[in-house]
Structure formats: C-alpha cells, structure tokens
Amino acid sequence: MNRISDITLERIKAAVGRRGFIAEPGEMAAYLKEPRDLYIGQAALIVRPSTTAEVAAVVGICAETKTSIVPQGGNTGLVGGSVPFETGDEIVLSLNRMRAIRAVDLANDTITVEAGMPLAALHEEAERHDRMFPLRIASEGTATVGGNLSTNAGGNAVLRYGNTRELVLGVEVVLPDGQVWNGLRGLRKDNTGYDLKQLFIGAEGSLGIITAAVLKLFPRPRATATAFAAVAGVEAAVELLGIAKRESGGQVSSFELLPRIGVDFVLRHIPGTRDPMQARHDWYVIMEMTSGRAGDELRSTMEGVLGEGLERELVLDAVLAESDTQAKDLWKLRESMSESQRPEGGSIKHDISVPVSLMATFIERATAAVEQLIPGVRIIAFGHIGDGNVHFNPSQPPGADRKWFLDQWHEVSDIVHGIAHELGGSISAEHGLGRLKREEITHYKQPLEIDLMRKLKEALDPQGIMNPGKVV
Ligand SMILES: Cc1cc2nc3c(=O)[nH]c(=O)nc-3n(C[C@H](O)[C@H](O)[C@H](O)COP(=O)(O)OP(=O)(O)OC[C@H]3O[C@@H](n4cnc5c(N)ncnc54)[C@H](O)[C@@H]3O)c2cc1C
C-alpha cells in the first residue's frame with residue numbers, strides 16, 4: 001500500500017468540499033471499528049461524498065495516485081469488510097450522505113434509491129406507497145441499501161422473497177478507475193449477455209462502489225399469522241416446514257429455529273421477555289405466514305398446519321399470536337438471541353448453511369464434535385432453518401475462563417466449518433468473507449473458483465485499490 005501524500009489528500013478534500021470529509025481523530029473513530037470490536041483500524045481520511053459525481057471524482061484521484069479505498073455504508077457488517085486496516089494508508093469512503101430517493105414507479109413496482117439510504121427508511125418509503133420491501137434484518141435502522149447489496153444480505157424473509165440479490169433490478173456503480181456505470185434499469189427481463197449487476201452484489205466493495213439501485217417492491221401484506229411451536233427436534237422442525245409450505249401455498253415468510261438454552265439466555269438477560277409455554281422443551285420454531293388478503297383465512301391455515309404437526313407428533317405445544325403485540329413478544333425471543341449470549345461469556349460465532357434436508361445432521365454432528373473438544377460447552381444453534389442457515393454459536397462452559405475459551409476459536413471453527421463443507425454447505429451464509437474469512441475460504445472453495453474470483457478482481461481493479469485485503 002502507498003502512503004497517501006498530503007497533496008492527494010488535499011485534492012480529495014477539494015473534490016467533496018468542507019462538509020464532505022472528516023479528518024479530526026475523535027470524529028473519525030466511529031468509522032474505524034466494526035460492531036463486535038474485532039477490528040479497529042486507522043484511515044488517512046473519511047470521505048463523505050454527496051453525489052455520484054463526487055464519488056467518481058474521489059475514486060478518479062485514488063486511481064491516479066494508487067490510493068486504497070474502503071467503501072462503507074452503515075458499518076454493521078460482521079466480518080471486518082467495512083473498516084480499514086491498522087496501517088492508516090487507506091481512505092474510508094462513506095455513502096452516508098447519499099440517501100435520496102431518485103424515482104418511484106408504482107406501475108413497475110420499483111423504487112430507485114441512493115446507496116446510503118438506511119434500510120428502515122426504505123421500508124417507510126415503501127409503506128407510504130402501500131408497498132413493501134421484504135429485506136428484514138435486525139440492523140436495519142443503521143445498515144444501508146449499498147451495504148445490503150454489497151453483502152447480499154439475507155434476514156428473516158429469504159424463504160419467501162429470496163436474498164438481496166433477488167430483489168435488485170439495476171445498479172449504478174463507480175468503477176475502480178473512476179468511470180460511472182449507469183445500470184439503473186428497471187427490467188424484470190433482460191437477456192442481453194452477462195448480468196453485470198450481479199458481479200457487484202455480494203462483492204463487499206471489492207469491485208467498485210455502488211451508488212444507487214433499482215429495487216423491487218411487493219404488495220403490502222394485509223394479514224399476518226405468527227406461531228411459536230415447541231417441536232420434537234430439528235428434523236421435526238424441517239418436516240413441519242414442509243407441511244406449512246404445502247398447506248399455505250407458499251405463504252410462509254419466516255421459519256426460525258430456537259434452542260431451549262438460547263431461550264433460557266434470553267429470559268435471563270433480556271427484560272420484558274417471558275416463556276410463552278408452561279413446560280420446557282428442547283427446540284422451538286417461530287413461524288410467520290403473510291397474505292395480501294385481509295381476514296381470518298391465514299389464521300385457519302396456520303391452525304391447520306399446527307394441528308397436523310400435533311397429530312404427527314412433530315409439534316409438542318404451540319401458541320398462535322392473538323395480536324400484533326403478542327406477535328412482537330414472540331419475535332423478541334428470536335431477535336434477542338444474539339444479544340443475550342454476550343453476558344454468558346465468550347461465544348464462538350458461525351454463520352453456516354447446508355441444504356435444509358441436512359440441517360438436523362449438521363446440528364447433531366457439529367454439536368457432538370464440539371462437545372467432545374470442550375466438555376461443558378453450551379451450543380446455541382439458532383436462526384433461519386427455513387433457508388438451511390443457522391448461527392451455530394458455542395458458548396463457553398459456565399465459570400470457564402473467557403480467554404481460554406476464545407483461544408480455541410480456530411480449532412472449533414475448523415471442526416464446524418469442516419462438517420458444513422462435508423455436507424455440501426457454506427462457511428458464510430449471510431455475512432460475507434470480509435477480512436475475517438478471506439484466508440479460510442481458500443480451504444473450502446475449489447482452486448478453480450478462487451482463481452476465477454482473482455481474475456475478476458484483476459480485470460476490474462488491476463491496481464487493487466478497491467477494499468484491498470478483503471474477500472480475495
Ligand atoms: C444486530 C445485527 C444483525 C444483523 N442481522 C443480519 C441478518 O439477519 N442478515 C444479514 O445478512 N446480515 C445481518 N447483519 C450484518 C449486516 O447488518 C449486513 O451485512 C448489512 O447488509 C450491512 O450493511 P451496512 O450498510 O452496514 O454495510 P457495511 O457494514 O458498511 O459494509 C459491508 C460491506 O459492504 C461494503 N460496502 C458498503 N457499502 C457499499 C457500497 N455502497 N458500495 C460498495 N461496497 C459497499 C463494505 O466495504 C463492506 O465490505 C447483522 C448485523 C448486526 C449488527
């Protein structure tokens with residue numbers, strides 16, 4: 001990496017104007033560390049352009065001077081992709097001033113927004129037009145559209161609507177040489193060669209800077225049914241999902257797994273939560289169905305699914321939310337699952353996926369292997385089982401030394417990722433590679449795939465200035 005000269009920094013500052021950069025160390029701090037404090041970096045400057053032209057001007061100067069750029073949205077990414085290295089030889093380019101709505105086309109069911117728009121603001125805008133944008137993640141108040149695209153974010157409704165990749169029709173991108181590609185097409189059909197926008201979705205800022213996107217809008221649901229069910233095991237949960245999909249005709253929007261020990265953590269540490277059932281059970285699911293039609297039809301569909309589940313002894317007990325407040329309380333158990341692990345000590349995080357049909361095998365094998373390595377470890381396996389994606393988080397044995405436990409991170413991850421890989425799975429289902437998994441992925445992807453990724457990187461960013469050291 002080149003040291004950035006004062007002349008270069010002055011040119012960048014001039015390109016964005018006084019409001020467009022931060023150089024004061026105190027104000028820079030928030031842009032330099034990521035949510036889990038895994039990485040705390042340094043930067044020569046934080047740049048905050050307000051238009052695509054300004055982004056292009058900054059990137060043009062960086063290309064000319066071989067200056068490395070770290071694109072940043074809401075900085076909620078969990079793999080260190082949005083923060084600079086410790087050297088101070090990079091600039092952070094934050095999109096947080098670019099949050100305009102460029103167009104709404106209701107007949108086409110699309111909205112065109114700038115990359116720095118927070119996801120929650122996009123939800124509000126869609127609702128104002130009686131539409132819905134289905135990407136739902138717990139970080140949506142801060143995470144931005146540009147970050148969502150760059151990480152191909154998943155979340156709670158992938159089962160029905162797909163990942164972010166499936167919600168995008170067009171993008172505008174500033175390429176690593178400063179050229180602007182205007183690919184803001186709102187077409188659902190366009191078979192004219194390679195689908196270039198998909199290159200930038202999930203690229204974690206390594207191929208260019210997304211400045212705007214055309215996104216799909218959907219009808220706003222008029223009815224929602226939410227159930228919390230104790231199930232006989234993970235395999236039973238998967239069977240129940242099959243019944244729900246069949247009986248509802250594709251109306252299942254979320255299907256999330258919760259282990260008892262995770263529920264115990266939530267009840268212990270999160271105020272205002274309570275166990276919806278009298279008896280304790282080992283596994284639960286939270287299931288949501290939505291429909292564009294108001295009325296009680298959906299509720300009776302859900303009752304039918306739970307009834308069949310009970311009859312076949314897949315479901316042991318179930319609660320159906322009677323109101324929005326009750327539904328929120330049930331969801332709180334799921335949404336507090338990450339937060340509630342912190343007060344329990346060290347936690348080794350994994351974000352794996354396997355085919356839904358192998359979910360039970362994965363959890364069984366990975367649990368046994370980690371328990372053998374660390375007796376007394378507490379396995380919290382929870383999340384998007386309907387997409388074959390769980391967060392498999394071994395939590396330290398009660399009373400054990402936190403550092404001793406976390407020192408075993410790599411050994412534990414090798415076991416967990418090895419099993420996921422053997423079952424045809426992925427070591428990063430949602431969060432990407434960033435800096436955290438950049439090396440590790442080379443053990444799991446075929447050399448040919450890594451080679452193709454490197455060739456793409458070299459073709460688009462031959463100087464290697466776009467988020468270097470991340471992804472590939
Ligand atoms: C509490 C919590 C819950 C979460 N839940 C989920 C979940 O359910 N599902 C899920 O998928 N993720 C989840 N995440 C992870 C994270 O919120 C998502 O990855 C989100 O999409 C990141 O958006 P961001 O704007 O914060 O991006 P950032 O963190 O700023 O950046 C992420 C990556 O994208 C790049 N980038 C950002 N903006 C641009 C741009 N405009 N152009 C090019 N590159 C860019 C960055 O360089 C970085 O590599 C969660 C995180 C937290 C803290």
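Residues numbered from 1 in each chain as written. Predicted model: local features only at pLDDT ≥ 70, side-chain atom pairs only at ≥ 80, totals over all residues. Heavy atoms only, no water.

In this section: the pattern of salt bridges. Evaluation of the coordinates by the stated rule reveals 32 salt bridges. Of the charged contacts in the structure, one is a salt bridge between Arg 299 and Glu 322, with a shortest N-O distance of 3.1 Å. Separated by 23 residues along the polypeptide, Arg 299 in helix α10 (residues 297–311) and Glu 322 in the loop between β15 (315–320) and α11 (324–335) bring together distant segments of the chain. Judged by its relative accessible area of 59%, Glu 322 is exposed. Among the salt bridges present, the one from Asp 407 reaches Lys 403, with a minimum N-O distance of 2.9 Å. (Salt bridge = Lys/Arg side-chain N within 4 Å of Asp/Glu carboxyl O. Helix = DSSP H or I, 4+ residues; strand = E, 2+ residues; numbered from the N terminus. Buried < 20%, exposed > 50% of the residue type's maximum accessible area, 1.4 Å probe, protein only.)

Attention now moves to the layout of surface pockets. Approximately 1,200 Å³ is the volume found for the second largest pocket. Taken together, 35 residues form the lining of the second largest pocket, with Thr 224, Thr 226, Glu 288, Thr 290 and Trp 331 sitting closest to its centre. The set of elements that each furnish at least two residues to the lining of the second largest pocket consists of β12 (223–231), β13 (252–259), β14 (283–291), α10 and α11. Ranked by residue count, the leading element in the lining of the second largest pocket is α11, at six residues. Tallied by class, the residues present in the lining of the second largest pocket amount to 14 nonpolar, eight polar and 13 charged. (1 Å grid on protein atoms, 1.4 Å probe; cavity = no way out; pocket = protein on both sides within 12 Å on 5 of 7 lines; lining within 4 Å. Points joined across faces, edges and corners; volume = space filled by probe spheres on them. Nonpolar A, V, L, I, M, F, W, Y, C, P; charged D, E, K, R; others polar.)

Take the sheet that holds strand β18 (residues 389–395) next. One open sheet accounts for three strands, arranged β16-β18-β17; its pairing is antiparallel. Every other strand in the sheet has two partners, leaving β16 (351–353) and β17 (378–382) as the edge strands with one partner each. The mean inter-strand angle of the sheet, taken between neighbouring strand axes irrespective of direction, is 30 degrees. Here three bridges tie β16 to β18, and the two strands are oriented antiparallel to one another. The partner of Ser 353 across the bridge, within β18, is Asn 389. (Pairing = 2+ DSSP bridges. Axes fitted to C-alpha atoms, helices over the stretch in contact; angles between N-to-C directions.)

This brings us to unusual backbone geometry. A positive phi angle, close to 45 degrees, is found at Asn 467, a residue other than glycine. Asn 467 gets classed as buried once you look at its relative accessible area, which sits at 1%. The residue Val 471 is not glycine, and still its phi comes out positive at about 65 degrees. Along the chain, Val 471 turns up in the segment after α16 (447–460). Accessibility expressed as a relative area gives 9% for Val 471, which makes it buried.

Core analysis: the biggest nonpolar cluster contains 48 residues, and Phe 255, Leu 257, Met 287 and Phe 362 have the highest contact counts within it. If one sorts the elements of this core by residue count, helix α8 (residues 234–248) sits on top with seven residues. Here this core spans two domains, and each of domain 3 (223–335) and domain 4 (345–430) adds at least three residues to it. Non-local contacts of Met 287, meaning those with residues more than four positions away in its chain, are made with Ala 225, Thr 226, Ala 227, Leu 240, Ala 244, Val 252, Ser 254, Phe 255, Met 302, Val 305 and Leu 306. Ranked by size, the runner-up nonpolar core spans 31 residues in total, among them Ala 143, Val 145, Ile 201 and Ala 203. (Core = buried A, V, L, I, M, F, W, Y, C linked by side-chain atoms within 4.5 Å. Domains from an automatic or database assignment. Contact = heavy atoms within 4.5 Å.)

The environment of the ligand is formed by 33 residues, the closest being Pro 71, Thr 76, Gly 77, Ser 139 and Thr 144. Take Ser 139: an N or O atom from its side chain is 2.6 Å from an oxygen atom of the ligand. Thr 144 places a side-chain nitrogen or oxygen 2.7 Å from an oxygen atom of the ligand. Across the shell around the ligand, the residue classes break down as 10 nonpolar, 21 polar and two charged. (Near = heavy atom within 4 Å. Polar contact = N/O pair within 3.5 Å; in protein donor to acceptor, adjacent residues only side chain to side chain.)

A few words now on the sheet that holds strand β6 (residues 110–114). Two pairing modes exist for strands in a sheet, parallel and antiparallel, and in both the strands are linked by backbone hydrogen bonds. Strand order in the open sheet made by the five strands is β5-β6-β10-β8-β9, with antiparallel pairing throughout. Two strands in the sheet have a free side with no partner beyond their single neighbour: β5 (101–105) and β9 (180–183). Shown here is a sheet whose adjacent strand axes are inclined to one another by a mean of 10 degrees, direction ignored. Sheet analysis places β6 next to strand β10 (residues 209–216), joined by five bridges and oriented antiparallel. If you follow Glu 114 over to β10, its bridge partner there is Ala 212. Where helix α3 (residues 52–65) meets the sheet, it contacts β5, β8 (168–174), β9 and β10, and its direction lies at approximately 45 degrees from that of β8. Strands in contact with helix α4 (residues 119–128) are β5, β6 and β10; relative to β6, the strand with the most contacts, it is inclined by about 145 degrees.

Before going further, it helps to spend a moment on the domain arrangement of the protein. When cut into domains, the protein gives domain 1 (6–97), domain 2 (101–219), domain 3 (223–335) and domain 4 (345–430). One C-alpha centre belongs to domain 1, the other to domain 3, and the line joining them spans 43 Å.

A grouping of Ile 101, Val 104 and Leu 106 is seen on the molecular surface, where their side chains present a nonpolar patch of about 190 Å² in accessible area. Examined against the element boundaries, Ile 101 turns out to sit in strand β5. (Patch = residues over 30% accessible without salt bridge, like charges linked within 9 Å, V, L, I, M, F, W, Y side chains within 5 Å. Areas by Shrake-Rupley, 256 points an atom, 1.4 Å probe, with all protein chains shown as cover.)

Among all positions in helix α9 (residues 260–269), only Arg 260, Gly 262, Val 263, Asp 264, Phe 265 and Val 266 are buried. Summarising the contacts, the buried residues of α9 are in contact with β13, β14, α11, β17 and β18.

The next subject is the environment of Gln 179. Within the element layout of this structure, Gln 179 appears in the loop between β8 and β9. Here the alpha-carbon distance between Gln 179 and Ala 53, two residues 126 residues apart in the chain, equals 9.7 Å. A polar atom in the side chain of Gln 179 sits 2.8 Å from the side chain of Asp 177.

The side chains of a regular strand alternate, first on one face of the sheet and then on the other. Extensive coverage of strand β3 (residues 68–72) is indicated by the burial of five of its five residues. Bridge count between β3 and strand β4 (residues 90–94): five bridges; the pairing is parallel. Bridge pairing links Val 70 to Val 92 in β4.

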